[in-house]
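What the coordinates show
Single-letter residue listing:
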Amino acid sequence: MVSESKNNGGGGFRSRIEYYLYSGDKKHVFSGIAIITVVFGIPWYLMNRGTKHQSHQDYLEKADKARSERLSSGPSAAK
């Protein structure tokens, strides 16, 4: 019952957000696209900065090299 009185008054946070979402004004659409770009762009940038993208073949070659080094050291290095 309390929420019904708030919705009828207008100007509440929820009604304002619904207005921005469904209005279709160019500035609201542009700001929505900008917000979505920032929300998904910042984590993507932080995850991908400074990393060299490796192919699966590069990973397999690196793993084979490490495995062969580990096995060639023999039982003398085993603890």
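Counting from 1, residues in each chain are numbered in the order their sequence is written. In keeping with the predicted nature of the model, local features appear solely for residues at pLDDT of at least 70, side-chain atom pairs appear and are counted solely at 80 or more, and the whole-chain, interface and lining totals rest on all residues. The side-chain values count all of the structure's non-hydrogen atoms but skip hydrogen atoms and water molecules.

**Focus: the overall build of the protein**
Secondary structure summary: the protein contains 4 helices and 0 strands in total. Numbering of helices and strands starts at the N terminus; helices are DSSP runs of H or I of at least 4 residues and strands are runs of E of at least 2. Its helices and strands taken in sequence order, the protein reads α-α-α-α from the N to the C terminus. With a 1.4 Å probe rolled over the protein chains alone, any residue whose accessible area is under 20% of its type maximum counts as buried; one over 50% counts as exposed, and the rest are partly exposed. Looking at the 79 residues of the protein, the share that counts as buried comes to 1%. Areas reported as accessible are Shrake-Rupley estimates using a 1.4 Å probe. Residue values count occlusion only from the protein chains shown. Of the roughly 7700 Å² of accessible surface on the protein, a fraction of 62% belongs to carbon and sulfur atoms.

**Notes on the side chain of H28**
As for its placement among the helices and strands, H28 is situated in helix α3 (residues 26-48). For H28, a relative accessible area of 14% translates into the label buried.

**Regarding the confidence of the model for the protein**
Residue-level confidence of the predictor is what pLDDT reports, using numbers from 0 through 100. When pLDDT is averaged across the protein, the result is 81; 78% of the residues are at 70 or more. Per-element confidence in the protein ranges from a low mean pLDDT of 48 for helix α1 (residues 2-9) to a high of 92 for α3. Residues count as neighbours in contact if any of their non-hydrogen atoms are within 4.5 Å of one another. Within the model, the stretch residues 1-7 combines pLDDT values under 50 with 0 contacts to residues more than four positions away or in other chains.

**Structural notes on the pattern of salt bridges**
Salt bridges are defined as contacts in which a side-chain nitrogen from Lys or Arg sits within 4 Å of a carboxyl oxygen from Asp or Glu. Applying the stated criterion across every chain yields a total of 2 salt bridges. Here R14 ties to E18 by a salt bridge, and the two come within 3.2 Å at their closest N and O atoms. With R14 and E18 both in helix α2 (residues 13-22) and 4 residues apart, the pair spans about one turn of that helix. Look at E18 and you get partly exposed, because its relative accessible area is 34%. Among the salt bridges present, the one from D64 reaches R67, with a minimum N-O distance of 2.7 Å. In this pair, D64 and R67 both sit in helix α4 (residues 56-72), 3 residues apart, roughly one turn of the helix. Looking at R67, the relative accessible area reads 38%, which means it is partly exposed.

**Focus on the layout of surface pockets**
A 1.4 Å probe that fits but cannot get out identifies a cavity on a 1 Å grid over protein atoms alone, an open set with protein on both sides within 12 Å along at least five of seven lines counts as a pocket, and a residue lines either if it has an atom within 4 Å of a point. Grid points are joined across faces, edges and corners, and a volume is the space filled by probe spheres set on the points. Here the largest pocket is characterised by a volume of approximately 180 Å³. Elements represented by at least two residues in the lining of the largest pocket include exactly α2 and α3. Per-element accounting of the lining of the largest pocket gives the leading share, 5 residues, to α3. For this classification, Asp, Glu, Lys and Arg are treated as charged, while Ala, Val, Leu, Ile, Met, Phe, Trp, Tyr, Cys and Pro are nonpolar and the rest, including Gly, are polar. Across the lining of the largest pocket, the residue classes break down as 5 nonpolar, 3 polar and no charged.

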